[in-house]
Amino acid sequence: MRTTRTTLTRRAAVAAASVTAALVLAACGSDSGGHSSGHGGGHDSASSAPSASSSSSAGADAAAGAHNDQDVAFAQGMIPHHRQALEMARLTAGRASSAQVKDLAARVEKAQDPEIRTMTGWLRSWGQEAPSGAGSMPGMDHSGQGGTSGGHDMPGMMDGKDMDRLEKASGADFDTMFLTLMIEHHEGAVQMAATQKEKGVHGPAKAMADDIVTGQTAEIAEMKKLLGQG
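Residues numbered from 1 in each chain as written. Predicted model: local features only at pLDDT ≥ 70, side-chain atom pairs only at ≥ 80, totals over all residues. Heavy atoms only, no water.

1. Thoughts on the overall build of the protein chain
Thinking step 1. Helix and strand counts for the protein chain stand at 6 helices and 0 strands.
Thinking step 2. Secondary structure elements of the protein chain occur, N-terminal to C-terminal, as α-α-α-α-α-α.
Thinking step 3. Counting the 230 residues in the protein chain, one finds 34% classified as buried.
Thinking step 4. Carbon and sulfur atoms provide 54% of the accessible area of the protein chain, an area that totals close to 12,800 Å². (Helix = DSSP H or I, 4+ residues; strand = E, 2+ residues; numbered from the N terminus. Buried < 20%, exposed > 50% of the residue type's maximum accessible area, 1.4 Å probe, protein only. Areas by Shrake-Rupley, 256 points an atom, 1.4 Å probe, with all protein chains shown as cover.)

2. What to know about the nonpolar core
Thinking step 1. Grouped together as the largest cluster of nonpolar side chains are 45 residues, with contacts concentrated most on Phe74, Met88, Met119, Leu166 and Phe178.
Thinking step 2. Per-element tally for this core: the top contributor is helix H5 (residues 171-199), with 11 residues.
Thinking step 3. Leaving out residues up to four positions away in the same chain, methionine 88 has contacts with Met158, Met163, Leu166, Phe178, Leu181, Met182 and His185. (Core = buried A, V, L, I, M, F, W, Y, C linked by side-chain atoms within 4.5 Å. Contact = heavy atoms within 4.5 Å.)

3. So, the pattern of salt bridges
Thinking step 1. For the coordinates displayed, the defined rule picks out 6 salt bridges.
Thinking step 2. In this structure, arginine 90 and glutamate 109 form a salt bridge, with 3.4 Å as the shortest nitrogen-oxygen distance. Linking arginine 90 in helix H2 (residues 69-90) with glutamate 109 in helix H3 (residues 99-125), this pair joins segments that are 19 residues apart in sequence.
Thinking step 3. What makes arginine 90 partly exposed here is its relative accessible area of 42%.
Thinking step 4. The closest approach of N and O atoms between aspartate 210 and lysine 197, which form a salt bridge, is 2.9 Å. A residue pair is termed long-range when its members are at least 10 positions apart, and aspartate 210 in helix H6 (residues 203-226) and lysine 197 in helix H5 qualify at 13 residues.
Thinking step 5. In this structure lysine 197 comes out as partly exposed when scored by relative accessible area, which is 35%. (Salt bridge = Lys/Arg side-chain N within 4 Å of Asp/Glu carboxyl O.)

4. Some details on the packing of aromatic side chains
Any pair of aromatic rings gets described here by the distance separating the centres and the angle formed by the planes.
Thinking step 1. Scanning the entire structure with this criterion turns up 2 aromatic pairs.
Thinking step 2. Judged by centre distance (5.8 Å) and plane angle (20 degrees), the ring pair of phenylalanine 174 and phenylalanine 178 falls under stacked. Pair noted here: phenylalanine 174 and phenylalanine 178 are both in helix H5, with a separation of 4 residues, about one helical turn. A single burial state applies to phenylalanine 174 and to phenylalanine 178, both of which are buried. (Phe/Tyr/Trp six-rings, centres within 6.5 Å; stacked < 30°, edge-to-face > 60°.)

5. Here we look at the side chain of aspartate 71
Thinking step 1. Tracing the backbone through its elements, the reader meets aspartate 71 in helix H2.
Thinking step 2. With no salt bridge to any partner, buried aspartate 71 finds its closest opposite charge in lysine 206, at an N-O distance of 6.9 Å.
Thinking step 3. Engagement of the side chain of aspartate 71 in a polar contact is seen with the side chain of glutamine 196, the distance being 2.6 Å. (Lys, Arg positive; Asp, Glu negative; His and termini not counted. Polar contact = N/O pair within 3.5 Å; in protein donor to acceptor, adjacent residues only side chain to side chain.)

6. Quick look at the packing of H2 against H5
Thinking step 1. Where H2 contacts H5, the two axes come as close as 10 Å, and the packing angle between them is 165 degrees. As far as their axial angle goes, H5 and H2 are roughly antiparallel. Classified by chirality, the crossing of H5 by H2 is left-handed. Residue-level contacts link Gln70, Asp71, Phe74, Gly77, Met78, His81, Gln84, Ala85, Met88 and Ala89 of H2 to Phe178, Leu181, Met182, His185, Gly188, Ala189, Met192, Ala193, Thr195, Gln196 and Lys199 of H5.
Thinking step 2. When its residues are assigned to classes, the contact of H2 with H5 shows 11 nonpolar, 8 polar and 2 charged. (Axes fitted to C-alpha atoms, helices over the stretch in contact; angles between N-to-C directions. Parallel < 35°, antiparallel > 145°, perpendicular 65-115°, else oblique. Left-handed = near helix turned anticlockwise from the far one by under 90°. Nonpolar A, V, L, I, M, F, W, Y, C, P; charged D, E, K, R; others polar.)

7. Digging into H6
Thinking step 1. In a regular helix each residue adds 1.5 Å, so 24 residues correspond to 34 Å; H6 covers 35 Å between its end C-alpha atoms and thus fits that length.
Thinking step 2. Burial in H6 covers these residues: Ala205, Met208, Ala209, Ile212, Val213, Gln216, Glu219, Ile220 and Met223.
Thinking step 3. Each element contacted by the buried residues of H6 is listed here: H2, H3 and H5.
Thinking step 4. Downstream of H6 by one or two residues, glycine 228 has phi in the positive range, about 80 degrees. (Expected span 1.5 Å × (residues − 1).)

Structure follows, in structure tokens:
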């Protein structure tokens, strides 16, 4: 009888130990699974984090605008080029006798003044220096690069002598001189814009260059007609 009880007791103990072991293994398995899952989840999060970061970075680049050296050169060259056109346009007040010349000058100011502000904004956002507006005739500071023969960086720029002659002229003489010089100035801008369209990568800058080519080419044709050349 005692032997039977002992045997039953041992069996119960073994069964209890088996259940306990099973529970421990199950718990360990659950822990391991949970840890593995958590690690896996962490790994997924980590792997997705660079992706989110990359997307964010790409978005920032798109907002700032990818650009290259040509885009910088375009803005830094076109700003003083436009400023000189504005100086020429402002000389029409009190000097021009033709209503068509005055109207053209007003359109030059309306188109190019906002473009100067836009290009200045691009350069600042790119961490590049924007040409200053110092001096009443910014183009005169670049006479070595420009002039009536055109320069390497800014073709079509007038030199100081041309600007002085224009400032001293009046009436029909002023109109003829203004149109002649502005045609050359516009041709230089179109040449610069064509280079930007070909070699630049900044979308807005290429779009502006396209507008300059279209708008100023039309104005060149208009001015040639006024001079009787069209």
